[in-house]
Amino acid sequence: MLMLEGPYSSRGDGSESGNPLQQAQGEAQPAIEVDALTFSYPDGRKALDGVSLTIREREKVALVGPNGAGKSTLLLHLNGILKGQGVVKIMGSEVGDGNLGLIRSQVGLVFQHPDDQLFSPTVLEDVAFGPLHMKLDEEEVRGRVKWALAQVGMAGFENRVSHHLSLGEKKRIAIATVLAMQPGILALDEPSGDLDPRARRGLIRLLRALPQTILVATHDMRLVKELLPRTVILDEGKVVVDGSTEELLEHTELLEKHGLEAP
Amino acid sequence: MTHFHALDQYQEGNSLVHRLDPRVKLVLTLAFVVAVTAVPHGVWVSLLLFLGTIAVIAALARVPPILIFRRSMIAIPFALAAITLVFTVDGTPLATLSVASRNVSITHQGTVAFASILTKSWLAVLAATVLATTTSFPDLVAAMRALRLPKVMVAIVSFMYRYIFIIADEALRLQRAREARSASPRSTAGGSLLWRTKILGGMIGSLFLRSYERSERIYSAMLSRGFDGTIRTMGAEKLRLSDLMISVTFIAYLLAVVALGTIYMEI
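Here the structure is a predicted model, which means the values were calculated and not measured.

### A look at the overall build of chain B
Then comes step 1: From N to C terminus, chain B includes 11 helices and two strands.
Then comes step 2: Ordering the α and β elements of chain B from the N terminus gives α-α-α-α-α-α-β-β-α-α-α-α-α.
Then comes step 3: Here chain B has a C-alpha radius of gyration of 24 Å; the compact-globule value for 267 residues is 18 Å, and the former is much larger.
Then comes step 4: Expressed along its principal axes, the backbone C-alpha trace of chain B runs to roughly 65 × 65 × 35 Å.
Then comes step 5: The buried share of chain B, reckoned over its 267 residues, is 25%.

As structure tokens, then:
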């Protein structure tokens, strides 16, 4: 039943035919460039150890690896929340203190727990938060809130109180809070975790329809198989594998070595 | 999954009171509290009129009076702190007690002052209860913001509302986990008092740590959406003429009741 929507049906943007890597290297510009990024937490634990990675525009990439591999830490570097040694470039410009506002409007970071992302009393205020802090005028903000909620299938939820929403609804609205900023890149941390099958299915459909460059940190290999043609395995702060999901899924021993399993 | 709902006082409705602009409701509630305070001690006519006012508003809002009454009781213990007035205000003695070989008099004036303070506190809490019952919390927060209360303070209130339920849910889960591990084959479930006390300490510590970590994640989420230290929110809607007229009328009424009380006192 679930396989009706095969892994490469690619309704989204139609760019995933053939080998995604070759396709991407053809003409698309790099959206995310990470070069020799190293980061240690204050307690001395090394979370990232010389990570280098290039993701091109409109690519959809999985970032997988065992717990504590550094996936979330890497995502937090993409918009300058954390600053390690090395270079992170977004759409060609290096992330630094001077351009954080711009970078953060280009990289939409969706946190693992929607209760952390939805911090306002109502859905409207949460979705409006990003656009308001981009200093857009109010009419534009209202328009974007409406548009973003419609994008995630939550139109009309403006005045709902976040506490009373289901987890699936919260996850969608968390995505809307960053879509409202109209970023070119979406970075999602465990978007399908804890969701029941129906909500999970809806989420996959939603992510597939989004035109953005997408990087998803996850353990959900079925989601990876269906949605993300390229996979990067991170283990102990290092990129150990970077390649096509289809090929990778055949190397079960490699997956198991890094604490993963084929779907 | 169970939720903690007891903290949400708001009762949905579509009455005149529910539809009144939250800013107006907030200001009028504060005005009501000030007016109640301004009534001299012992002028029961005014206080009775104020009680009647609350009753009329509650009826208009179609909120069960018993609900308002029960909720308003919460603040009474605090008002009892004024009991010392009974002994400390000078005046006509009603009774004299001998405490530790000293005479302490209960005075008429002291009793009136105490009863007045108790009644006034209760009326103030009643007004606040009606406000909280007929206005959703997000609306109240927006009203505070529109009335230019300090932004940081409003933000704290807003975060408190958003996260108090989540923290309460977490506490509930911790409590369940404790109960699940406190079964003893011989005694009744629950564990010994000492054991439970120890666990409670751990629970409080754990809740604090979780909340602290959560606050860091929330802050990251705010930064990620462009937060730069300045809280930006959407502007408020314009006040309707009818709301404005209701405000003026109600404030005039409050002044009249206070004036009545003051004149009553003079006679």
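### Let's talk about the pairing of strand β2 (residues 102-107) of chain B
Residue and element names in this part refer to chain B.
Then comes step 1: Note that strand β1 (residues 93-99) and β2 share six bridges and pair antiparallel. Counted as the bridge partner of Thr 96 is Ser 105 from β2.
Then comes step 2: Counted between consecutive antiparallel strands, the loop separating β1 from β2 contains two residues, among which Ala 100 sits at a positive phi close to 50°.

### Describing the sheet that holds strand β8 (residues 213-217) of chain A
Residue and element names in this part refer to chain A.
Then comes step 1: Ordered by their spatial adjacency, six strands build an open sheet running β6-β7-β8-β3-β9-β10, and the pairing between neighbours is mixed. Either end of the sheet is taken by a strand with one partner, and the two such strands are β6 (107-110) and β10 (238-244). Within the sheet, the average angular offset between the axes of one strand and its neighbour, ignoring direction, is 15°.
Then comes step 2: Alignment of strand β9 (residues 230-235) against β10, held across six bridges, turns out to be antiparallel. Residue pairing across strands places Ile 233 opposite Val 241, the latter belonging to β10.
Then comes step 3: Strand contacts of helix α7 (residues 167-179): β6 and β7 (185-189), with the helix running at about 160° to β6, the strand carrying the most contacts.

### Quick look at the sheet that holds strand β2 (residues 46-56) of chain A
Within a sheet, each strand pairs with its neighbour through backbone hydrogen bonds, oriented either parallel or antiparallel.
Residues and elements named next belong to chain A.
Then comes step 1: The four strands lie next to each other as β2-β1-β4-β5, forming an open sheet whose pairing is antiparallel. The open sheet has two edge strands, β2 and β5 (93-94), and neither has a second partner.
Then comes step 2: Bridging between strand β1 (residues 30-40) and strand β4 (residues 85-90) involves five bridges; their strand directions are antiparallel. Within the sheet, the bridge partner assigned to Val 34 lies in β4 and is Val 88.

### Regarding the environment of Gly 143 of chain A
Residues and elements named next belong to chain A.
Then comes step 1: Mapped onto the elements, Gly 143 comes out in helix α6 (residues 138-151).
Then comes step 2: Assessed through the 14 C-beta atoms surrounding it within 10 Å, Gly 143 is described here as partly exposed.
Then comes step 3: Distance in space between the C-alpha atoms of Gly 143 and Val 127 is 11 Å, their sequence separation being 16 residues.

### Remarks on unusual backbone geometry
All names here are of chain A.
Then comes step 1: In this structure, Arg 58 takes a positive phi of about 70° despite not being glycine.
Then comes step 2: Inspection of the secondary structure assignment puts Arg 58 in the loop between β2 and β3 (60-64).
Then comes step 3: For Lys 135, which is not a glycine, the phi torsion comes out positive at approximately 65°.
Then comes step 4: For Lys 135, the position within the fold is in the loop between α5 (123-133) and α6.

### Quick look at the environment of Ala 180 of chain A
All names here are of chain A.
Then comes step 1: Along the chain, the position of Ala 180 falls in the loop between α7 and β7.
Then comes step 2: On the basis of neighbour counts, which here come to 28 C-beta atoms within 10 Å, the residue Ala 180 falls in the buried class.
Then comes step 3: In this structure, the C-alpha to C-alpha distance between Ala 180 and Ala 209, residues 29 residues apart in sequence, is 16 Å.
Then comes step 4: When residues no more than four places from it in sequence are discounted, the contact partners of Ala 180 are Val 127, Gly 130, Pro 131, Arg 144, Val 145 and Ala 148.

Cut-offs used in this document
- Residues numbered from 1 in each chain as written.
- Chains lettered and ligands numbered in written order.
- Predicted model: local features only at pLDDT ≥ 70, side-chain atom pairs only at ≥ 80, totals over all residues.
- Helix = DSSP H or I, 4+ residues; strand = E, 2+ residues; numbered from the N terminus.
- Rg over C-alpha atoms; globule rule 2.2 N^0.38 Å.
- Buried ≥ 20, exposed ≤ 12 C-beta atoms within 10 Å, placed from the backbone.
- Pairing = 2+ DSSP bridges.
- Axes fitted to C-alpha atoms, helices over the stretch in contact; angles between N-to-C directions.
- Contact = placed C-beta atoms within 7 Å.

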